[in-house]
Each structure stands twice: as C-alpha cells, then as structure tokens.
Amino acid sequence: MKKSRPAYVYAFALVLACIGFWACATQVAPGGGPEDKLPPRIAAVYPAPNTTNHPEELYVKLEFDEWVNASIPRSAVSISPPIEGKMKFEVSGKTVVLTSRATLDTGTTYTVTFASGIKDLHGNALAKPFNVVFSTGDHIDSLTLSGRVLVNDSMTRKKTYPSIGLFLMGAEREGRRYLEKYRDTATKVLDTLPLLTKEPPLFMTRTDSVGSFTLTGLKPGRYRVVAFVDVNGNQKIEPAQELAGVWVKDLELTEETKDTLWVALADQDTSLLELESVSQPFAHVLEANFSRPVFFDSAFADTANCTLTYPDGNTVHPRYVYMGASSNKPQFYFDSIPAPELTYKFACKYAKDSLSRMLDTLRDEVEWNWVEKASDTLDPAISKTQLYSMTKSAFPGDTLVVAYNKPLDSLKETFHVAINKDTVKVDMKRLDAIRFMAVPAEPWPTDAAVDFLMGYMDTTLAKADSNGVRDTVIELKYKKLVRFETVPKIKLASLKGTLKNANPGVTVRLASVDTKKYFYTKCDHGGKFAFDNLMEGKYFIDYYYAEEGRLTPDGGSLSPFRYGKPWRAPTDTVHVTNGENDIAKLLPDMPALP
C-alpha cells in the first residue's frame, strides 16, 4: 500500500507564512536581467528549528528564495547521528525535500546539514552550511562545539570544503543501531574505540569556505575528533583519496567544555610507491613512471640505485640520473644502446615520495622492449628556461636555470644578460646532467627588465671585394630565451612578529593570495619570526608544529593512529605594504598556540 503523506507535512505552510520575504516570490524559472552572483537563501524550513517529538521518519523540506539546481551531490547533505537507509532528494523549483526509508531512533536529537553542494541555476552555492535540528524525543541535546579546519587552495577552487566528525568512544557505543554492522564477526564484540576508516561519525557537519564550523545538537560523551574531505559524500573517511586530520587529543564533552577545535589536514594514504612503467624518449634515455612523484634525493640519484638487466642476466647502470626537463619524471642515460626488439628488466632498489612512503619491493621492476631510435642524432637542445621566484617579479637573489632535453658533456653556447642597453656575459654553473644555473656578476637589480640571451656564432659570407673574393664573417648573435621583470623597490616588503606560546621550531607559513605560492620560516626561542623579500600584497598566514622532515601542518595519522599537533590561523588575510610590517599591528588578535 502506498504511504499517505504524514499530516505534519502540511504544517510547512504555517512555517512559510512566518517568513515574510518569501511571499513575493513566484514559481517560475528565472528569466533575463543582471547576472545573478548571489547565493541562494533559505526562506522557510520544515521541521521548525528545535522541534521535539518529531515522528521517527526523515522528512525535511527547505524553501529557497530562488530556483535551485535539481542535481544535488550526495556530499551536499549529511545527517547526525547517521541512519541506516539512503537519503533521497526531490527538487521542484525553489523547494528541496529530503526523505529516507530508514526508521529514526527513539528519543534522539538529529542534525541535518545542508552544505555548498546546493546551488542555484547560475551555479552560486549556499553561502555557508545550514543546520536543521530536531528530536524524536521530548528534549533537544543542546551542546555545541565550534572551530576551524584547514582549507587549502585546491578545496577553495573546487568548492569542496572539509567535514568535521565526532566518533563515539567507550561503553556508550553499545546499543547504537548504526554500529551493529561493525561488531567482530567471530566474537560479536563491539570495539570501544572507533574504526575511523570504516564507520561514520556519530556527529558530523561541514565547514564553510574558510574552514569554520559549528556542531550543534550534541550529547555529552567521549569522542575522537577527525576532520576529513568527504569527496564522495558517504560520511566515511577514505584515506586513499581523502585528506584527513586528527585533533590533538580525545574530547570529553560536557556542559563545561570550552574547547575550540583546530584541526589540520594531511595526506593519510599509506599505500607504498610503485614503479608502474618506463618509456624511452631518446635513444640512450629511459624515463620511469611511478605511481606518485618521486622525491629526488641523493639516494635515488645514485647511479647504482637503478639497473637495466639484459636477457642474459648481465646488468648495467646508468651514467646519469636526473629529472626530465619537461616531464619532471626521473630519467636515466645509458652509454651503450641495448639491442632492439629484446626484453629487458628495469628495476630500482630505493625510492620514496615526498611523504616518505617507500617503494614497494614487490612492484619495483618492469619489463621494456628497447626501441631503436635511428633518427635521434640531433645535439642536445634547450628545453626550458625557468626563473625560480616566489613572486611574478624576480628578487635580487632569485635563480635562473637552463634545462636541456638530454645530457651534454659541456656547453657549446654562451649566455648573456641584457639590462637596458648593456649586454654582459654570465657564467653558468652545472647543476646536473641537463641543467645549468646562471651566475651573474651582481644580483638582479630592482626596477629592471632583464633579457636572458643565448649567444651563438653565426657564419656568413661578406660581400665580394674588387677581386671577387668573399671573406667568411663569424659574428656573435643572440637568441632571447626569456624576459622577466625584477621587483620594484617601492614594493619590497618584510614581515615580522611574535607568536604567543610558540616554542622554537614552530613553522610560520605565508600563502600569497596573488601567486598562490608559499613562504616558510621558523620561530626562535622567544616565538619571534621574520620574512624578508616579500612583495606588497595580501597573504594568508598560519602557524603550527610540523611533522618531522616536512614543512606542512601535522594532521596526525589514522593508521597507525596518532594525534595531530596544534595548528592556528586567523580568518583575515595579512595586507603587507612597502617596508617593514609588524604582525601585531596588522592582526592584533592572532589566536595563540596552546
């Protein structure tokens, strides 16, 4: 029998009548007019905020001030505590209805969170998460928690913001319907510690665009706090593809709790690095493809690390190991060219990625049929000329590097710098088999346009003299490789400050709003820090205890379990101007590290 609509649904009209501004709306699709850049706003909601004695079935209805996109991703809506059945969306014009066949628990406070995945017909997302809190009992659990989760530039571009979850701990886990499936299959015992990568959190909400959140409708208890980017909206942590971070300790939530939660995120993928394949860009060169970018340290670059094994079992080592100029993948130059059409084995003994995840010893070799590249007879050619600068303009000490497409024994060309009308030769320092760094006699000047030139000898025949003889003329000519501007002196800036409670080694990080590049420094014993060589502009600033050997915040570990370390960040950007800047004057209310 088809279920009739519950009588309480019709109370929605009464709730709507209490919201004045929706009354002028019309139920038609938007037409022309100025471009809509405003986010959709909620005009009415059912059930009313903090409703008690709600029926034990899920029915939530939102009315917006404009039409909304009917395509709502699963990650846009979450419910706490979790329910067993799937949630279903129905969108009609300005109305969104959320239902489920699952039966709600008796005497339980529920919070349904609607996040930025809900958009209007112009693609404008909900400005901040909206919570609908109701109870199937006679009271509302009223504890709340607020805090911040780290939001990086990639999340901002994709408008995919983190979630924060409270995982129930201890004996109170018994009796929770959503946890029954996580009992040990043999003993039927439910672990008192949460299975962070399997079960959903008891309470969960989504942050806004700067990472701020408020958890509402909470119940006293002991919780493990984890933030994660719920990409697929299943309300579970998937370490292989989702960033996650553990708070600095477990939470004892009571009515006296005053904690503000600050949670950094980290890559939690613990899978090993794999050698997937090799390719052959040149006659003497192999290029290795790993499952993740390789951290190119001295151990990996050792010519004895990777070998090529012939069909008869003999092995050879490369003469050079270097990162490719355009591919940014490791390349290996061999002096002798193996016979074509035969199968060889290429293997590496050691490799790791930037997070120190090591090479899988079961996936450290691949087979390759060597290809004869008879046409590969050209001399090495310049593949890339790159200025390594933290800004769009060059600072006096910035580095300029020329990279060739394949190894060369020595430079045949000369290199020159032209500033204004002066052109001078610069020395070049070898960095590896294909890269050379320009070494100018003086640092780059400020307020200048610099042309970096390659010099070559051009041979021509002069005009014939009176006897008909034409002399050979050898002339130095230039080819411009790159032109760059140096930083204007009036835009040079620095930033200094002191962080409260900061121990030696606390990392301070600036992220340029303009270039998206990061600047790092460390605090001294007094918590003081300083950045030189900055450009005027706006920067995000955060500070934290980094994991050993890394520059990024320590978000802890899910497996093996480890708590994260303190991280703080003001919500406002730092506007740095010409000259010296003091953080205490720019942002006087910087949150202190614990």
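Below: a short report on this structure. Numbering of residues starts from 1 in every chain and runs along the sequence as written. Side-chain atom pairs in this predicted model are given and counted only at pLDDT of 80 or more, local residue features only at pLDDT of at least 70, and totals for whole chains, interfaces and linings cover all residues. Excluding hydrogens and water, the side-chain values take into account all heavy atoms of the structure.

1. A closer look at the overall build of the chain
Next up, step 1: Here a strand is any run of E in DSSP of at least two residues, a helix any run of H or I of at least four, and the numbering for each starts at the N terminus. Regarding its fold elements, the chain presents four helices and 40 strands.
Next up, step 2: In this description the radius of gyration comes from C-alpha coordinates, and the expected globular size is given by 2.2 Å times residues to the power 0.38. Against the globule reference of 25 Å for 594 residues, the chain gives a C-alpha radius of gyration of 31 Å, more extended than a compact globule.
Next up, step 3: Structurally, the chain occupies a C-alpha span of about 110 × 65 × 60 Å along its principal axes.
Next up, step 4: Burial classification: accessible surface area is computed with a 1.4 Å probe over protein chains only, and a residue below 20% of its type maximum counts as buried, one above 50% as exposed, and the rest as partly exposed. Taking all 594 residues of the chain together, 46% fall into the buried category.
Next up, step 5: Summarising the internal contacts of the chain: among those between residues at least 6 apart in sequence, 67% fall at separations of at least 24.
Next up, step 6: Counting 70 positive and 73 negative side-chain charges, the chain places the averaged centre of each group 3 Å from the other. In this analysis, two residues are considered to be in contact whenever any of their non-hydrogen atoms come within 4.5 Å of each other. In this charge count, Lys and Arg are treated as positive and Asp and Glu as negative; neither His nor the chain ends contribute. Charged side chains are reduced to one point each, which is NZ for Lys, CZ for Arg, CG for Asp and CD for Glu.

2. Some details on the nonpolar core
Next up, step 1: Here, nonpolar core means buried Ala, Val, Leu, Ile, Met, Phe, Trp, Tyr and Cys residues that are tied together by side-chain atoms lying within 4.5 Å of each other. Within the largest apolar cluster, 27 residues are counted, with the highest numbers of intra-cluster contacts made by Tyr322, Tyr404, Phe415, Val417, Met428, Trp444 and Phe452.
Next up, step 2: For this core, the secondary structure elements donating two or more residues are strand S20 (320–323), strand S25 (399–404), strand S26 (414–419), strand S27 (422–430), strand S28 (435–439) and strand S29 (449–461).
Next up, step 3: By residue number, the principal contributor to this core is S25, which donates four residues.
Next up, step 4: If we skip the residues at most four places from it in the chain, phenylalanine 415 touches Ile382, Val402, Tyr404, Val424, Lys425, Val426, Met428, Phe452, Leu453, Met454 and Leu481.
Next up, step 5: Membership of the second largest hydrophobic core comes to 26 residues, among which are Leu145, Phe203, Leu218 and Val225.

3. Focus: the sheet that holds strand S11 (residues 212–218)
Next up, step 1: Spatially, three strands are ordered S11-S8-S15 in an open sheet, and the strand pairing comes out mixed. Single-partner strands in this sheet number two, and they are S11 and strand S15 (260–263). Across the sheet, the mean angle from the axis of one strand to that of its neighbour is 25 degrees, orientation sign disregarded.
Next up, step 2: Strand pairing is assigned whenever DSSP identifies at least 2 bridges connecting the two strands. In this sheet, S11 lies alongside strand S8 (residues 143–149) in antiparallel orientation, the contact comprising five bridges. Counterpart to arginine 148 in the pairing with S11 is serine 212. Angles shown run from 0 to 180 degrees and are taken between the N-to-C directions of axes, each axis being a line fitted to C-alpha atoms and, for helices, limited to the stretch in contact.

4. Focus on the sheet that holds S20
Next up, step 1: In space, the four strands of this open sheet follow the order S16-S17-S21-S20, with antiparallel pairing throughout. Each of the sheet's edge strands pairs with one partner strand only, and the pair in question is strand S16 (275–282) and S20. The sheet shows a mean angle of 25 degrees between the axes of neighbouring strands, direction not considered.
Next up, step 2: Pairing geometry for S16 and strand S17 (residues 285–290), over five bridges, is antiparallel. In the strand pairing of S17, valine 278 is matched with alanine 288.

5. Re the side chain of histidine 416
Next up, step 1: Along the chain, the position of histidine 416 falls in strand S26.
Next up, step 2: Histidine 416 sits in the buried class, given a relative accessible area of 6%.
Next up, step 3: At 2.9 Å, the side chain of histidine 416 forms a polar contact with the side chain of threonine 414.
Next up, step 4: Contact partners of histidine 416, with chain neighbours within four places excluded, come to Thr423, Val424, Lys425, Val426, Asp451, Phe452, Leu453, Gly455, Leu476 and Tyr478. In the analysis that follows, any N or O atom pair within 3.5 Å is treated as a polar contact, provided that within protein one partner can donate a hydrogen and the other can accept it, and provided that, for residues neighboring in sequence, both atoms belong to side chains.

6. Considering the pattern of salt bridges
Next up, step 1: The rule for a salt bridge is simple: a side-chain nitrogen of Lys or Arg has to be within 4 Å of a carboxyl oxygen of Asp or Glu. Evaluated as defined, the whole model comprises 31 salt bridges.
Next up, step 2: One salt bridge in this structure joins arginine 357 and aspartate 353, with 2.6 Å as the shortest N-O distance. Each member of the pair, arginine 357 as well as aspartate 353, carries the same accessibility label: buried.
Next up, step 3: Each of the salt bridges in this network shares a partner with another, and the network as a whole consists of Asp267, Asp269, Arg292, Asp353 and Arg357.

7. Structural notes on the state of the cysteines
Next up, step 1: Disulfides are defined as cysteine sulfur pairs within 2.5 Å. On inspection of all chains with the given rule, the structure shows one disulfide.
Next up, step 2: The disulfide that involves cysteine 306 links it to cysteine 348, with 2.1 Å between the sulfurs. A torsion of 105 degrees about the S-S bond marks the disulfide between cysteine 306 and cysteine 348 as right-handed. Placement of cysteine 306 in strand S18 (residues 306–309) and of cysteine 348 in strand S22 (residues 343–348) is noted, with a sequence separation of 42 residues between them. Accessibility classification places cysteine 306 together with cysteine 348 in one group, the buried group.

8. Let's talk about the environment of phenylalanine 167
Next up, step 1: Mapped onto the secondary structure, phenylalanine 167 falls in strand S9 (residues 163–168).
Next up, step 2: With 57 residues separating them in the primary sequence, phenylalanine 167 and arginine 224 have C-alpha atoms 5.0 Å apart.
Next up, step 3: Dropping the residues within four chain positions of it, phenylalanine 167 is found in contact with Pro194, Leu196, Glu199, Pro200, Pro201, Leu202, Arg222, Tyr223, Arg224, Val226 and Ile237.

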